[in-house]
Amino acid sequence: MSDLLPQELRILVAVAEARGFSAAASALGLTQSAVSHSVRGSEAKLGAVLFDRGRSGASPTPAGERAVGHARRILRLYEVMGAEARGAGRDGGPDTLGGVVRIAAFRSAALHLLPPALERLTARHPGIRPEVRVVREIGAGTAGEVAAGRADLGIATLGGSREAEAQGLLTGLLAREAYHLVHPAGHPDPRSLPLMNCGSYTRAWWRAQDWIPRATVKAEDDAMVLTMVGRGLGMAIMPELSLREATEAVEITGLGPRGPVRQVGYVTTAEAASTLTIRALIRELRSTKG
């Protein structure tokens, strides 16, 4: 098997993102035949079919998804290599770090955990430009974004997704946060209310509680859950980060020492973890206190 060239990697990524050979060719300024020839060559080198071709375009096969993820990550490493080399060529000092750092985070982490860390990071390294994408904690989640090469680092609920293990990603703990019972303020019997949410991370704990009803209203957005609880429509069990947006319309009650706790951490690749920018970002995330 021969190694794929950078241009071949770019073509694979373009076809996957454009969902077709013609659109990818247009985006890259190439002919469709050149793109098709390159993809066929890449498939021959890798020994796998990377795209399903059809009238509606081209979609990555499972092998193609994995190959495109690696392609994005390799191309990203080329970018980082250039940025770090240019920085070292100036004077090698810490303030020479620069370029875009791509971060995927679930909503409450993006609102409350990332801002202080990014504020310190960019103050120390003004050349760094953070790009943050909010990703829902369902399916592959933020770990999937890292594995697919769309993010350099993700903030995730550790143990909440198997994507990190499946893709051999690196993880590190940032915080542990307890879950609490949230109910309408002043309600005489909040435990009689319907449950508003059902998170997979605490499902085993919930099953062991005979007082918790089955979730009847499933809302995935934390702000929506808090609003509905505040209007007396139900109760919810939510982690601490999400409760920073709570208003006086709700009351928060602890669940005791045996209540559920989730671990929030970072997810990244081995190659990204060795870069100066990601190492600096992880240091700032670890120094963030609640």
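Given the structure is predicted, the values throughout are model-derived calculations rather than measurements. For every chain, the first residue of its written sequence is number 1, and the numbers climb from 1 along that sequence. For this predicted model, a pLDDT threshold of at least 70 governs which residues receive local features, and a threshold of 80 or more governs which side-chain atom pairs are given and counted, while totals over whole chains, interfaces and linings are taken from all residues. For side-chain calculations, the full set of non-hydrogen atoms in the structure is used, while hydrogens and water are omitted.

Engineer: Help me understand the nonpolar core, please; the structure alone is not making it clear to me.
Structural biologist: Within soluble globular proteins, side chains that are nonpolar generally end up buried alongside one another. Put simply, buried Ala, Val, Leu, Ile, Met, Phe, Trp, Tyr and Cys residues joined by side-chain atoms within 4.5 Å make one nonpolar core. Each residue is assigned to one of three classes by its accessible area relative to the maximum for its type, calculated with a 1.4 Å probe on protein chains only: buried under 20%, partly exposed between the two thresholds, exposed over 50%. Counting residues in each nonpolar core, the largest one holds 25 residues, and the members touching the most others are I103, L114, L153, I155, I278, L281 and L285. Put simply, DSSP marks the helices as runs of H or I at least four residues long and the strands as runs of E at least two long, and each gets a number from the N terminus on. For this core, the secondary structure elements donating two or more residues are β3 (98-105), α5 (107-124), β5 (153-158), β9 (261-268) and α11 (276-287). With 19 residues, the next largest nonpolar core counts L9, V13, F51 and A67 among its residues.

Engineer: Sorry, what's going on with the pairing of strand β2 (residues 57-60) here?
Structural biologist: The two faces of a sheet get side chains in turn, since along a regular strand they alternate between them. Judged by which residues are buried, β2 turns out to be one-sided: A58 and P60 face inward and are buried, whereas G57 and S59, on the alternate face, are not. In terms of strand pairing, strand β1 (residues 51-54) meets β2 through 4 bridges, oriented antiparallel. Bridge pairing in β2 places F51 opposite P60. The rule for pairing is simple: two strands pair if DSSP sees at least two bridges between them.

Engineer: I'm lost on the pairing of β3 in this one. Help?
Structural biologist: With 8 bridges joining them, β3 and strand β4 (residues 127-134) adopt parallel strand pairing. Bridge pairing in β4 places I103 opposite V132. Note on handedness: a clockwise path from strand one over the helix to strand two, with the strands aimed away from the viewer, defines a right-handed crossover. In the classification by handedness, the crossover that spans β3, the intervening α5 and the parallel β4 is right-handed. Across 3 bridges, the pairing between β3 and β5 is parallel. Paired with I103 across the strands is L153, a residue of β5.

Engineer: Got a minute to help me understand the pattern of salt bridges in this structure?
Structural biologist: Pairing between side chains of opposite charge can happen when their charged atoms approach one another. In the sections that follow, a salt bridge refers to a side-chain nitrogen of Lys or Arg positioned within 4 Å of a carboxyl oxygen of Asp or Glu. A complete count under the given rule lists 13 salt bridges for this structure. Of the charged contacts, one joins D152 and R76 as a salt bridge, the two residues approaching to 2.8 Å between their closest N and O atoms. With D152 in the loop between α6 (141-147) and β5 and R76 in helix α4 (residues 62-90), the pair connects residues that are 76 residues apart, well separated along the chain. Taking relative accessible area as the criterion, D152 reaches 8% and is therefore assigned buried. Owing to a relative accessible area of 13%, R76 belongs among the buried residues under this scheme. Between R133 and E145 there is a salt bridge, with its nearest N and O atoms 2.4 Å apart. In this pair, R133 sits in strand β4 while E145 sits in helix α6, placing the two residues 12 residues apart along the sequence. Residues joined by salt bridges that share partners form a network here, namely R76, E79, R102 and D152.

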